[in-house]
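# Breakdown of the fold
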Amino acid sequence: MSRGALGPVARELEVFHYVGEGLTNAEIAAALHLSESTVKARFGRILVKLDLANRVQALILAYELGVVSVDR
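Numbers given for residues are sequential positions, taken from 1 along each chain in its written order. Local features in this predicted model are restricted to residues of pLDDT 70 or higher, and side-chain atom pairs are both shown and tallied only at a pLDDT of 80 or more, whereas totals for entire chains, interfaces and linings draw on every residue. Side-chain measures here rest on the full set of heavy atoms in the structure, leaving out hydrogens and waters.

## Thoughts on the packing of aromatic side chains
The line we're drawing: Two aromatic rings from Phe, Tyr or Trp, using only the six-membered ring of Trp, form a pair when their centres are within 6.5 Å; if the ring planes differ by under 30 degrees the pair is stacked, by over 60 it is edge-to-face, and anything between is tilted. We call a charge positioned above a ring when the Lys NZ or Arg CZ atom is no farther than 6 Å from the ring centre and deviates by at most 35 degrees from the ring normal.
Within the structure shown, the criterion is met by 0 aromatic pairs. A cation over an aromatic ring shows up here: Arg-55 above the ring of Phe-43, its NZ or CZ 5.0 Å from the ring centre.

Dropping the structure here:
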């Protein structure tokens with residue numbers, strides 16, 4: 001699948017997953033081959049869509065939804 005095949009929502013889900021994993025914007029940008037400003041913009045849209053105030057709330061929601069899990 002080419003990178004262009006992923007739509008905006010799919011990319012937002014990828015960013016949300018990486019935020020849940022605790023990655024920084026720079027780390028997410030490197031993993032997804034995006035600019036850091038693109039990651040920041042996508043994360044901003046995630047916050048608005050999910051009515052969240054910050055990264056901590058996004059991380060908590062990612063765990064609550066099972067997007068990421070705690071390895072023990």
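## Things to note about the pattern of salt bridges
Note the following rule: Only one rule defines a salt bridge in this text: a Lys or Arg side-chain nitrogen within 4 Å of an Asp or Glu carboxyl oxygen. Helix and strand definitions here come from DSSP, where helices need a minimum of 4 consecutive H or I residues and strands a minimum of 2 consecutive E residues; each element is numbered from the N-terminal end. The cut-offs for exposure are 20% and 50% of the maximum accessible area for each residue type, with area from a 1.4 Å probe on protein chains only; residues under the lower value are buried, those over the upper are exposed, and the others partly exposed.
Throughout the structure, instances matching the rule amount to 3 salt bridges. Between Arg-45 and Glu-12 there is a salt bridge; the shortest N-O distance is 3.2 Å. Highlighted residues: Arg-45 in helix H3 (residues 36-49) and Glu-12 in helix H1 (residues 8-20), separated in sequence by 33 residues. You can call Glu-12 buried: its relative accessible area is 7%. Of the charged contacts, one joins Glu-12 and Lys-49 as a salt bridge, the two residues approaching to 2.8 Å between their closest N and O atoms. Of this pair, Glu-12 sits in helix H1 while Lys-49 sits in helix H3; the two residues are 37 residues apart in sequence, bridging distant segments of the chain.

## Quick word on unusual backbone geometry
The phi dihedral of His-33 is positive, around 55°, even though this residue is not glycine. Along the chain, His-33 falls in the loop between helix H2 (25-32) and H3. With phi around 55°, Asp-51 is a residue other than glycine that occupies positive phi space. When you line up the elements, Asp-51 lands in the loop between H3 and helix H4 (55-64).

## Comments concerning the environment of Val-56
Its location among the elements puts Val-56 in helix H4. Residue classification places Val-56 among the exposed residues on the basis of a relative accessible area of 54%.

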